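Each chain is listed here by its residues.
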Amino acid sequence: MSEVLVLVDHVDGAVRKPTYELLAIAKRLGTPSAVFIGGAAQAAGAAEAVAKFGAEKVYVVDDTEIKGYLVAPKAEVLQQIAAAASPAAILITSSAEGKEIAGRLAVKLESGLITDAVDVQAGPVTTQSVFAGNFTVQAKVTQGTPIITVKPNAAAPEETAGAGAVENFAATISDAAKKAQIVASQPRESSGRPELTEAAIVVSGGRGTGGNFDPIDNLADSLGAAVGASRAAVDSGWKPHTFQIGQTGKTVSPQLYIAAGISGAIQHRAGMQTSKTIVAINKDEEAPIFELVDFGVVGDLHSVLPAATEQITARKG
Amino acid sequence: MNIVVCVKYVPDSTADQAFEADNTVDRVGVPGLLSELDEYAVEQALQLKEKNSDPDSVTVTALSVGPEGAADAIRKALQMGADAGAHVVDDAVAGSDALATSKVLAAAINKIGSVDVVVCGMASTDGGMSVVPAMLAERLDLPQVTFASVIESQDNQFRIKRDGDTATEIIGAVTPLVLSVTDQTGEARYPSFKGIMAAKKKPLESYALSDLGVDAGQVGLSAAWTAVESTEARPPRTAGTIVTDEDGSGATALTEFLASKKFI
Ligand SMILES: Cc1cc2nc3c(=O)[nH]c(=O)nc-3n(C[C@H](O)[C@H](O)[C@H](O)COP(=O)(O)OP(=O)(O)OC[C@H]3O[C@@H](n4cnc5c(N)ncnc54)[C@H](O)[C@@H]3O)c2cc1C
Ligand SMILES: Nc1ncnc2c1ncn2[C@@H]1O[C@H](COP(=O)(O)O)[C@@H](O)[C@H]1O
């Protein structure tokens, strides 16, 4: 079976969950090969991590020479590995950077590109959710090596050991790829909560919080959830932009999405409509968010959420 | 200095969106407009001009690849203050994917010539992939400084702030470059009455693919490297349960619901 390349998404060698999801998908399409672009010292740990989730091979590319540059060098690395491995497909996480790498790679390999897949099956046939989740589209790449970016939570990670054979790959990076320099990088402070795009549960607050996010934060903590926010809440300065969910923020598709004090504008829906279960708390029974919900409470979030949090904590004992 | 701002004409996202029988986006039956996110790109292009020591030496050209109606999107950019418009309109373009669109945009940018800054929006509002700016950078062999939330420039030096998934980064590059901007860069201006009047006299050039040296066989639906096999309107969500909170009943019902779904 042909190799399927999976670009490892990691922070300083710590592999992020979506990578394991991609490996599970890769197994449906062929033999999973992980591509780790990172520090030499972190390679062994990362290789071990991806092997646990089925990577048969791990290409290791030392990033000393390229980590100071944005996107372009990674596309060159993948191009060169693809030329050597002739993979059946290349899978990348659907982050802003992941999509940009994929876009440049598609031009280089003269291959079709599908972004934001919420499912990928043998073929590969992809499923995407478009127009703020109002339509589902099935698509295929018809030319070259299918390059597919996949949204977090599109598949369940599968813990099955792969050989994890490490192959050090010496990529040649052109000067042209070194034109956009990363002058400074400030890693995101860990909130102690799950990462927004990876979380199984997300609790979001909007303008209806009136700036008091305690009920949101506390409910999230009782459920082990990530915290999100509407643009109105972000624009008011109540939460940083990295919390924003929607068209110009993050896209999430957790098992459970709880929207409190959020009206449900189309731009917000664009970021959460593929969530499996949707719950809303809003004091206006006419709020459009109620059109989406599996369960809704018409009420004041400032009383409903704290009381629910208390009950949840009690049940969890 | 030459600035090209790429503006897309998109179906109004507040109207009902639909697909054609060939699974392409219906761009005729649904009213169109300048993609809201590209207004931020126009705004930043205009600010680059205004901040230049000699604004009159800077030309901002609004470029769009799209059907006849796309001229409206260009006109809006002209009304906001862009100096000239360029419209690639050719029946062969219909149904192009991002790869083909970026190819046509790149050819048009080369045609305009000696461009210093290409400004794009962060995504098109119609199922945007957020890939065209990176593809343009690849095709034009220019540095990409993309997803900017803050832009600083001095002469040919650019620095942007970019909120990545795991880090906030400062990216630096020198012109010529491709820049894409987010809605965090600040509100876009409304066309003034004066701007609307002035726009009528501004040049708006139309190009066919042949003018750009792009082979019609390389673009459009038939040449797309991906194929949509089927589209399906999402079945309306089965109406959820909605309860009204009375004296704490809402919290109890919510907790029961979450427990019944095994979230607790
Ligand atoms: C180009 C563009 C991009 C955008 N991108 C995004 C995006 O990425 N994400 C996003 O979210 N928005 C985005 N928006 C903004 C979007 O259109 C809405 O303005 C925004 O989502 C509204 O936020 P909200 O629901 O918190 O506020 P509102 O619409 O003001 O709703 C607040 C809700 O809270 C309820 N409420 C008030 N008090 C209480 C209470 N005590 N208890 C319970 N409920 C209460 C009210 O009934 C109301 O329904 C974008 C807009 C544009 C133009
Ligand atoms: N047909 C088009 N005409 C002009 N600019 C476009 C077109 N398509 C995409 N763009 C530009 O590329 C950006 C990102 O688009 P996309 O990759 O489609 O999300 C948009 O915000 C525009 O600036």
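Since this is a predicted model, take the numbers as computed values, not measurements. (Residues numbered from 1 in each chain as written. Chains lettered and ligands numbered in written order. Predicted model: local features only at pLDDT ≥ 70, side-chain atom pairs only at ≥ 80, totals over all residues. Heavy atoms only, no water.)

Peer 1: Residue-level account of the overall build of chain A, with values.
Peer 2: Check the secondary structure of chain A and you find eight helices and 17 strands. Radius of gyration (C-alpha) of chain A: 21 Å, near the 20 Å computed for a compact globule of 317 residues. For chain A, the spread of C-alpha atoms along the principal axes amounts to about 60 × 40 × 40 Å. Counting every position in chain A, which comprises 317 residues, the buried fraction comes to 59%. By element, 47% of the accessible surface of chain A is carried by carbon and sulfur atoms, the whole surface being about 11,600 Å². Of the side chains in chain A, 26 bear a positive and 33 a negative charge, and the two mean positions are spaced by 2 Å. (Helix = DSSP H or I, 4+ residues; strand = E, 2+ residues; numbered from the N terminus. Rg over C-alpha atoms; globule rule 2.2 N^0.38 Å. Buried < 20%, exposed > 50% of the residue type's maximum accessible area, 1.4 Å probe, protein only. Areas by Shrake-Rupley, 256 points an atom, 1.4 Å probe, with all protein chains shown as cover. Lys, Arg positive; Asp, Glu negative; His and termini not counted. Charge placed at Lys NZ, Arg CZ, Asp CG, Glu CD.)

Peer 1: Report on the overall build of chain B, specifying residues and quantitative values.
Peer 2: Each helix and strand in chain B was counted, giving seven helices and 13 strands. Seen through its C-alpha atoms, chain B measures out along the principal axes to roughly 65 × 45 × 40 Å. For chain B, the residues scored as buried account for 50% of the 264 residues in total. Only carbon and sulfur atoms are counted for the fraction: they give 48% of the accessible area of chain B, which is about 11,600 Å². Averaging the locations of the 21 positively and 38 negatively charged side chains of chain B gives two centres separated by 3 Å.

Peer 1: Give a description of the pattern of salt bridges that names residues and reports values.
Peer 2: Residues and elements named next belong to chain A. Inspection of the entire model under this criterion finds 29 salt bridges over all chains. A salt bridge links Glu291 to Arg269; its shortest N-O distance comes to 3.0 Å. One end of the pair, Glu291, is in the loop between strand S16 (277-282) and strand S17 (295-298); the other, Arg269, is in helix H7 (residues 266-269), with 22 residues separating them in the sequence. Among the charged side chains, a salt-bridge network with shared partners connects Asp9, Arg16, Glu195 and Glu198. (Salt bridge = Lys/Arg side-chain N within 4 Å of Asp/Glu carboxyl O.)

Peer 1: Hey, could you go over a nonpolar patch on the surface for me, with residue numbers and the actual values?
Peer 2: Residue and element names in this part refer to chain B. Residues Phe193, Ile196 and Met197 make up a contiguous nonpolar surface patch of roughly 300 Å² in combined accessible area. One can find Ile196 in helix H5 (residues 193-199). Its relative accessible area of 31% is what places Ile196 among the partly exposed residues. (Patch = residues over 30% accessible without salt bridge, like charges linked within 9 Å, V, L, I, M, F, W, Y side chains within 5 Å.)

Peer 1: I'd like a rundown of the site of ligand 1, residues and numbers included.
Peer 2: Not every one of the 27 residues close to ligand 1 is listed here, only the nearest: Arg207(A), Ser230(A), Ile245(A), Ser263(A) and Asn282(A). Each of chains A and B places residues next to ligand 1. At 3.0 Å, a backbone N or O of Gln247(A) approaches an oxygen atom of ligand 1. Within the backbone of Thr248(A), one N or O atom sits 2.9 Å away from an oxygen atom of ligand 1. (Near = heavy atom within 4 Å. Polar contact = N/O pair within 3.5 Å; in protein donor to acceptor, adjacent residues only side chain to side chain.)

Peer 1: Give me the lowdown on the nonpolar core, citing residues and values where you can.
Peer 2: Core analysis: the biggest nonpolar cluster contains 74 residues, and Val35(A), Ile81(A), Ile3(B), Val5(B), Val117(B), Val119(B) and Leu179(B) have the highest contact counts within it. Judged by nonpolar contacts, the second largest core, of 30 residues, contains Phe295(A), Val304(A), Leu305(A) and Phe257(B). (Core = buried A, V, L, I, M, F, W, Y, C linked by side-chain atoms within 4.5 Å.)

Peer 1: How would you summarise the sheet that holds S17(A) if you had to cite specific residues and measurements?
Peer 2: Sheet architecture is open: six strands sit in the order S14(A)-S13(A)-S15(A)-S16(A)-S17(A)-S13(B), paired in parallel fashion. Each having just a single partner strand, strand S14 (226-229) of chain A together with strand S13 (241-244) of chain B make up the two edges of the open sheet. Adjacent strand axes in the sheet meet at a mean angle of 15°, parallel and antiparallel pairs treated alike. Bridge analysis of S17(A) against S13(B) gives four bridges, and the strand direction is parallel. Bridge pairing in S13(B) places Val297(A) opposite Val243(B). (Pairing = 2+ DSSP bridges. Axes fitted to C-alpha atoms, helices over the stretch in contact; angles between N-to-C directions.)

Peer 1: Kindly report on the interface of chain B and chain A, identifying the contributing residues and their values.
Peer 2: Counting residues at the interface gives 72 residues for chain B, matched by 83 residues for chain A. Taking the shortest distance from any N to any O, the salt bridge between Glu138(B) and Arg104(A) comes out at 2.8 Å. Summed over the shared surface of chain B and chain A, the result is 34 residue pairs in polar contact (both at pLDDT 80 or more). Counting residues per element, the ones that place at least two in the side of chain B that touches chain A are helix H1 (36-51), helix H4 (132-140), strand S7 (144-154), strand S8 (157-163), strand S9 (167-174), strand S12 (226-233), S13 and helix H7 (249-260) of chain B. With 10 residues, the single largest contributor to the side of chain B that touches chain A is H7(B). For the side of chain B that touches chain A, a count of residues per class yields 34 nonpolar, 21 polar and 17 charged. (Contact = heavy atoms within 4.5 Å. Nonpolar A, V, L, I, M, F, W, Y, C, P; charged D, E, K, R; others polar.)

Peer 1: Quick one: what's the story with the domain arrangement of chain A, residue by residue and with numbers?
Peer 2: All names here are of chain A. When cut into domains, chain A gives domain 1 (3-178) and domain 2 (201-316). Inter-centroid distance (C-alpha atoms) of domain 1 to domain 2 is 31 Å. The partner domain 2 presents eight residues to the seven residues of domain 1 that form the contact. Buried surface at the junction of domain 1 and domain 2, summed over both partners, amounts to about 560 Å²; 50% is from carbon and sulfur atoms. Linking domain 1 to domain 2 there are zero salt bridges. Linking domain 1 to domain 2 there are one residue pair in polar contact (both at pLDDT 80 or more). Partitioning the side of domain 1 that touches domain 2 into residue classes produces two nonpolar, four polar and one charged. (Domains from an automatic or database assignment. Buried area = accessible area lost by both parts, 1.4 Å probe.)

Peer 1: Describe the confidence of the model for chain B, with residues and values.
Peer 2: In this model, chain B carries an average pLDDT of 93, and 95% of its residues clear a pLDDT of 70 or more. ipTM for the predicted complex: 0.94, alongside a pTM of 0.94. (pLDDT = per-residue confidence, 0-100.)

Peer 1: For the pairing of strand S6 (residues 117-121) of chain B, give the residues involved together with the corresponding values.
Peer 2: Residues and elements named next belong to chain B. Extensive coverage of S6 is indicated by the burial of five of its five residues. Burial along S6 is two-sided: Val117, Val119 and Gly121 and Val118 and Cys120, pointing in opposite directions, are all buried. Bridge analysis of strand S1 (residues 2-6) against S6 gives three bridges, and the strand direction is parallel. Pairing of Val4 across the sheet is with Val118, part of S6. For S6 and strand S10 (residues 177-181), the ladder comprises five bridges, and the chain directions are parallel. Within S10, the residue paired with Gly121 across the bridge is Val181.

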